[in-house]
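Each chain, written out:
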Amino acid sequence: MASHEETLAALHMASGRCHEIQGGILAQAHEVDSIMQQLVAALGNTEVGGMLHGQAAQATDALGTAVAAMAQLKEGVDTTLQRFQG
């Protein structure tokens, strides 16, 4: 098992990485929104446009789920960090 200092360092690193990953996922969600707007502008209310819009909406939902999962993980890491610090 790692020393107390090593454990604290690992928890700090994990918390920071969780935050970075959340930011990356949010950036990807914004990219999907941008793509979706471009597709709607290009394809309009066509069958293909509707299909691609639906797929983009599924991607956005999946990214939202990923952000929520990372938030839960970060919360758990931060709670553990507080326990180790206190």
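Preceding this section is the structure that the text describes.
**Section: the overall build of the chain**
Here is step 1 of the chain: Within the chain, the regular secondary structure consists of two helices and zero strands.
Here is step 2 of the chain: Taking 2.2 N^0.38 as the reference for a compact globule, 86 residues should give roughly 12 Å; the C-alpha atoms of the chain span a radius of gyration of 19 Å, well beyond that estimate.
Here is step 3 of the chain: Taking the principal axes of the C-alpha coordinates as reference, the chain spans close to 60 × 20 × 15 Å.
Here is step 4 of the chain: Per-residue burial for the chain yields a buried fraction of 21% across its 86 residues.
Here is step 5 of the chain: Of all intrachain contacts in the chain linking residues separated by at least 6 positions in sequence, the fraction that spans at least 24 positions is 84%.

**Some words on the packing of helix 1 (residues 4-43) against helix 2 (residues 47-85)**
Here is step 1 of the chain: Between helix 1 and helix 2, whose axes approach to 9 Å, the crossing angle comes to 165°. On the basis of their axis angle, the class for helix 1 and helix 2 is roughly antiparallel. Seen along the crossing, helix 1 lies across helix 2 with a hand that is left-handed.
Here is step 2 of the chain: Across the contact of helix 1 with helix 2, the residue classes break down as 27 nonpolar, 12 polar and three charged.

**Here's the deal with the side chain of glutamine 22**
Here is step 1 of the chain: Mapped onto the secondary structure, glutamine 22 falls in helix 1.
Here is step 2 of the chain: Since its relative accessible area comes to 14%, glutamine 22 is described here as buried.

**Here's the deal with the pattern of salt bridges**
Pairing between side chains of opposite charge can happen when the charged atoms of each approach one another.
Here is step 1 of the chain: Throughout the structure, instances matching the rule amount to two salt bridges.
Here is step 2 of the chain: A salt bridge links aspartate 78 to lysine 74; the shortest N-O distance between them is 2.6 Å. Of this pair, aspartate 78 and lysine 74 both sit in helix 2, four residues apart, which is roughly one turn of the helix.
Here is step 3 of the chain: Note on aspartate 78: relative accessible area 23%, which makes it partly exposed.

**Here's the deal with a nonpolar patch on the surface**
Here is step 1 of the chain: On the surface, a cluster of nonpolar side chains totalling about 240 Å² of accessible area is made up of Leu43, Val48 and Met51.
Here is step 2 of the chain: By secondary structure assignment, the location of valine 48 is in helix 2.

**Here's the deal with the environment of leucine 52**
Here is step 1 of the chain: Relative to the helices and strands, leucine 52 resides in helix 2.
Here is step 2 of the chain: When the C-alpha atoms of leucine 52 and methionine 36 are compared, they prove to be 7.8 Å apart, with 16 residues separating the residues in sequence.

**Things to note about the nonpolar core**
Here is step 1 of the chain: Counting residues in hydrophobic clusters, the biggest one holds nine residues: Cys18, Ile25, Ala29, Val32, Met36, Ala56, Leu63, Val67 and Met70.
Here is step 2 of the chain: Of all the elements in the fold, those that place two or more residues in this core are helix 1 and helix 2.
Here is step 3 of the chain: By residue number, the principal contributor to this core is helix 1, which donates five residues.
Here is step 4 of the chain: Ignoring sequence-local partners within four residues, the contact set of methionine 36 consists of His53, Ala56 and Ala57.

What counts and what doesn't
- Within any chain, residue numbers begin from 1 and follow the written order of that chain's sequence.
- Reporting in this predicted model follows two pLDDT cut-offs: at least 70 for local features of residues, and 80 or more for side-chain atom pairs to be given and counted; totals over whole chains, interfaces and linings ignore these cut-offs and use all residues.
- The basis for every side-chain value is the complete set of heavy atoms in the structure, and neither hydrogens nor water enter the calculation.
- In DSSP terms, a helix is any run of H or I states spanning at least four residues, a strand is any run of E spanning at least two, and both are numbered starting from the N terminus.
- Radius of gyration here uses only the C-alpha atoms, and the compact-globule reference equals 2.2 Å multiplied by the residue count raised to the power 0.38.
- Exposure categories follow from relative accessible area, calculated using a 1.4 Å probe and restricted to protein chains: below 20% of the type maximum is buried, above 50% is exposed, and the middle band is partly exposed.
- Pairs of residues are marked as contacts when any of their non-hydrogen atoms sit within 4.5 Å.
- Note on definitions: angles span 0 to 180 degrees between N-to-C directions of axes, and those axes are lines fitted to C-alpha atoms, for helices only across the stretch in contact.
- Convention used here: angles under 35 degrees read as roughly parallel, angles over 145 as roughly antiparallel, angles from 65 to 115 as roughly perpendicular, and any remaining angle as oblique.
- Each crossing gets its handedness from the near helix: less than a right angle anticlockwise from the far helix is left-handed, clockwise is right-handed.
- Amino acid classes used here: Ala, Val, Leu, Ile, Met, Phe, Trp, Tyr, Cys and Pro are nonpolar; Asp, Glu, Lys and Arg are charged; the rest, including Gly, are polar.
- Salt bridges are identified by distance alone: a Lys or Arg side-chain nitrogen within 4 Å of an Asp or Glu carboxyl oxygen.
- Each patch groups residues whose relative accessible area exceeds 30% and which form no salt bridge, using 9 Å between like charges and 5 Å between nonpolar side chains of Val, Leu, Ile, Met, Phe, Trp and Tyr.
- The accessible surface values rely on the Shrake-Rupley method and a 1.4 Å probe; as for residues, cover is taken only from the protein chains in view.
- Remark: nonpolar core denotes a set of buried residues (Ala, Val, Leu, Ile, Met, Phe, Trp, Tyr, Cys) joined through side-chain atoms within 4.5 Å.

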